[in-house]
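Residue strings, one per chain:
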Amino acid sequence: MKNNPGFNTLAIHAGAAPDPSTGARATPIYQTTSFVFNDADHAASLFGLQAFGNIYTRIMNPTQAVLEERVAALEGGTAALAVASGHAAQLLVFHAIMSPGDNFLAARQLYGGSVNQFGNAFKSFDWRVRWVDTADIASFESQIDERTKAIFIESLANPGGTFVDIAGISAVARKHGLPLIVDNTMATPYLIRPIEHGADIIVHSLTKFMGGHGNSMGGVIVDGGTFDWSKSGKYPILSEPRPEYAGMVLHATFGNFAFAIACRVLGLRDFGPAISPFNAFLLLTGIETLPLRMQRHCDNALAVATWLGTHDKVAWVNYAGLESNANHGLQQKYAPKGAGAVFTFGLKGGYEAGKRFVEGLEMVSHLANIGDTRSLVIHPASTTHRQLTEEQQTAAGAGPEVVRLSVGIEDISDIIADLEQSLAKV
Ligand SMILES: *Cc1c(COP(=O)(O)O)cnc(C)c1O
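Residues numbered from 1 in each chain as written. Predicted model: local features only at pLDDT ≥ 70, side-chain atom pairs only at ≥ 80, totals over all residues. Heavy atoms only, no water.

## Quick look at the site of the ligand
Lining the immediate surroundings of the ligand are 15 residues, of which G86, D183, S205, T207 and K208 lie closest. Between the ligand and G86, the relevant distance is 2.9 Å, taken from an oxygen atom to a main-chain nitrogen or oxygen of the residue. Interatomic distance of 2.9 Å between a backbone N/O atom of H87 and an oxygen atom of the ligand. Bound to the protein, the ligand loses 95% of the 380 Å² it would expose on its own. Ranked by residues supplied to the shell around the ligand, first place goes to helix α4 (residues 86-97) with 3 residues. (Near = heavy atom within 4 Å. Polar contact = N/O pair within 3.5 Å; in protein donor to acceptor, adjacent residues only side chain to side chain. Areas by Shrake-Rupley, 256 points an atom, 1.4 Å probe, with all protein chains shown as cover. Helix = DSSP H or I, 4+ residues; strand = E, 2+ residues; numbered from the N terminus.)

This is the structure in structure tokens:
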């Protein structure tokens, strides 16, 4: 490849080459648990981290390695680590950063599963989350103290489809010497490359738009190579000698990809959420068409949002791609190619109308996922948010009348026809 290949080219070629032993052009599925050493010295150097190479598929696998190199290239990072799911990626990131009693700031506007992971599961490690409102960046500083270790946001927040001022939040993180971690699942690097706006670490649920076909779970951590981990004492996993690696100091040995190494040789090695070679292969195949799919997702979503805005049973439409939307300015700044495919709208008929609408759809699937080629829908108040009070539902953007769509890449006329016939029955 020439220097500086474009995004479409990277989506297809980054990390991959014809298989040297067979000539296979597509990346093979290396469905093996383990790899033969050349000799005893080679084995010793692999275990001591003096040489890079495959040992055991829990830690590294050649199919997984192509996926890692490809996502790192698309995000503009120095290295990446692919794992079993988006939540596994988040767990390994925080494991490399946090000690018991530490805290981190996280946007209130997050995927519901992340709210549970941070607010509930992380308590077992005594990692404490402090929720912040991304629309009020000035309020972040009062929450930061000497035990604060990171700031976590979504570049395009689920479920409302809200864009966030990444550069503004990065300025706060830099001022306080904290890494900015960005979940880029909903935007994908096709729409936003957060490292260019000051993010230090990217996480993805590859399960969604990156894989794009609703058939495989996966997650990834991308190291931006931008953060200085040497600050004494603050990030001991990166800055203190590691006894199991003969006193090696990870940031000193691995420099601008030390974070990705720490997540692999400590987090993935010890917690074990490895991605299967088969899933890595399916996700890689999906990523080859990411630019084409994302553009069609965005174009279809804009057309659906525009059409819904004119429908007499629809109370409101919240899509940042619409010029009338309060978030449109941030969308134009950060994601001029499109506003993503996930957004919410409200039905005048409230809770019952929402339930009836999702039941009346024929092509659009009623389920709890986003980022599939297929159009997907959910009524949060009767499903994902049903345990909350009506007040809490409304605060989370999931009031009784709210419907969330993840617009697929079918013909736009067929998507609108399905929505129309179901709205007619409401
Ligand atoms: C789905 C999702 C996750 C979690 O990913 P899994 O692959 O389901 O573990 C995290 N963040 C966002 C924005 C998501 O949509």
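What follows picks up the thread again.
## A short note on the pairing of strand β8 (residues 201-205)
Buried residues dominate β8, accounting for 5 of its 5 residues. The alternating pattern of β8 places I201, V203 and S205 on one face and I202 and H204 on the opposite face, and all of these are buried. Sheet topology places strand β7 (residues 180-183) next to β8; 3 bridges connect them, and they run parallel. Each residue of the ladder has a partner; that of D183, found in β8, is V203. Summarising the sheet, β8 and strand β9 (residues 219-223) pair through 5 bridges and their orientation is antiparallel. What sits directly across from I201, in β9, is D223. (Buried < 20%, exposed > 50% of the residue type's maximum accessible area, 1.4 Å probe, protein only. Pairing = 2+ DSSP bridges.)

## Some words on the domain arrangement of the protein
By the assigned domains, the protein splits into domain 1 (7-286) and domain 2 (290-423). Relative to domain 2, the C-alpha centre of domain 1 lies at a distance of 29 Å. Taken together, the contact pairs 31 residues of domain 1 with 32 residues of domain 2. In total, domain 1 and domain 2 occlude about 2,600 Å² of area from one another, counting both sides; carbon and sulfur atoms represent 63% of this. Put simply, domain 1 and domain 2 have 0 salt bridges between them. Between the two partners, domain 1 and domain 2, sit 11 residue pairs in polar contact (both at pLDDT 80 or more). For the side of domain 1 that touches domain 2, the secondary structure elements donating two or more residues are α1 (7-13), β6 (162-163), α6 (166-175) and α7 (188-191). (Domains from an automatic or database assignment. Contact = heavy atoms within 4.5 Å. Buried area = accessible area lost by both parts, 1.4 Å probe. Salt bridge = Lys/Arg side-chain N within 4 Å of Asp/Glu carboxyl O.)

## Let's talk about the sheet that holds β8
Whether parallel or antiparallel, the strands of a sheet pair through hydrogen bonds between backbone atoms. Here 7 strands make up an open sheet; going across it, the order is β1-β9-β8-β7-β4-β2-β3 and the pairing mixed. Pairing within the sheet leaves two strands with one partner each, and these edge strands are β1 (79-83) and β3 (128-132). Adjacent strand axes in the sheet meet at a mean angle of 20° when their direction is disregarded. Relative to strand β4 (residues 148-154), strand β2 (residues 103-107) runs parallel, the two being bridged by 3 bridges. Directly across from L105, in β4, lies its bridge partner I151. (Axes fitted to C-alpha atoms, helices over the stretch in contact; angles between N-to-C directions.)

## As for the packing of aromatic side chains
Per the stated rule, a full pass over the model turns up 22 aromatic pairs. When the centroid spacing of 6.2 Å and the interplanar angle of 65° are considered together, the rings of F104 and F122 count as edge-to-face. On the criterion of sequence distance, the pair formed by F104 in strand β2 and F122 in the loop between α5 (112-119) and β3 is long-range, its members being 18 residues apart. The residues F104 and F122 share a single accessibility class, namely buried. (Phe/Tyr/Trp six-rings, centres within 6.5 Å; stacked < 30°, edge-to-face > 60°.)

## What to know about the pattern of salt bridges
The tally for this structure, following the rule as stated, stands at 13 salt bridges. Note that D145 is salt-bridged to R130, the shortest N-O span being 3.0 Å. One end of the pair, D145, is in the loop between β3 and β4; the other, R130, is in strand β3, and 15 residues separate them in sequence. Judged by its relative accessible area of 28%, D145 falls in the partly exposed class. With relative accessibility at 27%, the residue R130 sits in the partly exposed group. Salt-bridge contacts for E141 lead to K175; the nearest nitrogen and oxygen are separated by 2.9 Å. Highlighted residues: E141 in the loop between β3 and β4 and K175 in helix α6, separated in sequence by 34 residues. Overall, the relative accessible area of 31% leaves E141 in the partly exposed class.

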